[in-house]
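The primary structure of each chain is shown beneath.
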Amino acid sequence: TVEFLGALDDELPEAMPREWFSLVLCTEVLEHVARWDRAFANLASLLAPGGRIILTSPFVYPLHEEPHDFWRPTPYAVRDAAAAHGLRVIDERRLGNSWDVLGTLLAATWTYPADTRFGSRVRAAVARRAHAWLWRALDTGRLRSHVALRGPWFLSTLAVLERA
C-alpha cells in the first residue's frame, strides 16, 4: 500500500529518516507542488551522500488534478532548483518529440462548429474527419514513417540528480 506522509513542499514528518535513502523516485509530481524551493530542499534532505533522485516533470501536457497544477518546468528550471539545494544533474533528457506533443494536443482537443450556420457545421465536420484521420495516422505510426516533424517541443523532462 501507499501511505500519504505529507506534502512534498511542507515540513516532512519528524519520523521520516534524513540523509537515508540512496534513491528517491519523483515522477510526474513536481507540477503539483506549489513551493518548489521547499520541495527540492526536502528531496535533498532525504538523500544519503551520493544518493540519487530520478525525477520527471511534464513540459507540454493539459491541465490536470486542478486546482493543484502549478508548473510546466523547463530542464533549466530543474537544473537551477537542483543546484540551489546541493544536487548536481548527472543525466538530463527531454522525453517525447514534436509528434508526441501533437498527439497529446489532438487527444485533448475537440472540434465543434463556431456557430449554427450551415457553412460552419460543414467546415467543422470536415475538420472533425481530418482530426480523426490525423489521430489514427499518429496512433498507428503511419505518418511518422513518412514525414519528419522537427521542432523544439517535448512532453516531459527527465533528470537524474545526485547529492554531493
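Treat the numbers as computed from the prediction; the structure is a model and nothing was measured.

Visitor: Go over the side chain of Ser156 with me, naming the residues and quoting the values.
Guide: Relative to the helices and strands, Ser156 is located in strand β4 (residues 156-163). For Ser156, a relative accessible area of 8% translates into the label buried. For Ser156, the side chain forms a polar contact with the side chain of Glu28, separated by 3.0 Å. Within the structure, the side chain of Ser156 is placed 3.0 Å from the backbone oxygen of Ser57, a separation counted as a polar contact. Sequence-distant contacts of Ser156, defined by excluding residues within four places in its chain, comprise Glu28, Thr56, Ser57, Pro58, Phe59, Arg93, Arg94 and Leu95.

Visitor: Summarise the pairing of β4; cite the residues concerned and give the values.
Guide: Taken across its 8 residues, β4 has 8 buried, putting it largely inside the fold. Alternating positions in β4 separate into two faces, Ser156, Leu158, Val160 and Glu162 on one and Thr157, Ala159, Leu161 and Arg163 on the other, with burial throughout. Relative to β4, strand β2 (residues 47-58) is paired through 7 bridges, and the arrangement is antiparallel. Looking at the pairing, Ser57 lines up with Thr157 of β4. As paired elements, strand β3 (residues 87-95) and β4 share 8 bridges and run antiparallel to each other. When the sheet's bridge partners are listed, Arg88 is paired in β4 with Glu162.

Visitor: Could you give me a rundown of the environment of Glu19, with the residues and numbers involved?
Guide: Along the chain, Glu19 falls in the segment before β1 (21-27). Between the alpha carbons of Glu19 and Leu43 there is a distance of 9.7 Å; along the sequence they are 24 residues apart. Residue contacts for Glu19: discarding those within four places in its chain leaves Ser45, Leu46, Leu47, Ala48 and Arg163. A polar contact of 2.9 Å, which involves the side chain of Glu19, links it to the side chain of Arg163.

Visitor: I'd love a proper account of the packing of helix α3 (residues 98-107) against helix α4 (residues 118-140), names of residues and values included.
Guide: Viewed as axis vectors pointing N to C, α3 and α4 meet at an angle of 135°, and their least axial separation amounts to 10 Å. Judged on the interaxial angle alone, α4 and α3 are oblique. Of the two possible hands of crossing, α3 and α4 adopt the one that is left-handed. Judged by residue contacts, Trp99, Leu102, Gly103, Leu106 and Ala107 of α3 engage His131, Leu134, Trp135 and Leu138 from α4. Taken together, the residues that form the contact of α3 with α4 break down as 7 nonpolar, 2 polar and no charged.

Visitor: Tell me what's going on with helix α2 (residues 75-83), and back it up with residues and numbers.
Guide: Among the residues making up α2, those that are buried are Pro75, Val78, Ala81 and Ala82. Looking down the long axis of α2, one finds its buried residues gathered within 130° of arc, a one-sided arrangement. Across α2 from its buried face, at more than 90 degrees, point the exposed residues Asp80 and Ala83.

Rules of the game
Residues numbered from 1 in each chain as written. Predicted model: local features only at pLDDT ≥ 70, side-chain atom pairs only at ≥ 80, totals over all residues. Heavy atoms only, no water. Helix = DSSP H or I, 4+ residues; strand = E, 2+ residues; numbered from the N terminus. Buried < 20%, exposed > 50% of the residue type's maximum accessible area, 1.4 Å probe, protein only. Polar contact = N/O pair within 3.5 Å; in protein donor to acceptor, adjacent residues only side chain to side chain. Contact = heavy atoms within 4.5 Å. Pairing = 2+ DSSP bridges. Axes fitted to C-alpha atoms, helices over the stretch in contact; angles between N-to-C directions. Parallel < 35°, antiparallel > 145°, perpendicular 65-115°, else oblique. Left-handed = near helix turned anticlockwise from the far one by under 90°. Nonpolar A, V, L, I, M, F, W, Y, C, P; charged D, E, K, R; others polar. Arc of directions from axis to C-beta.

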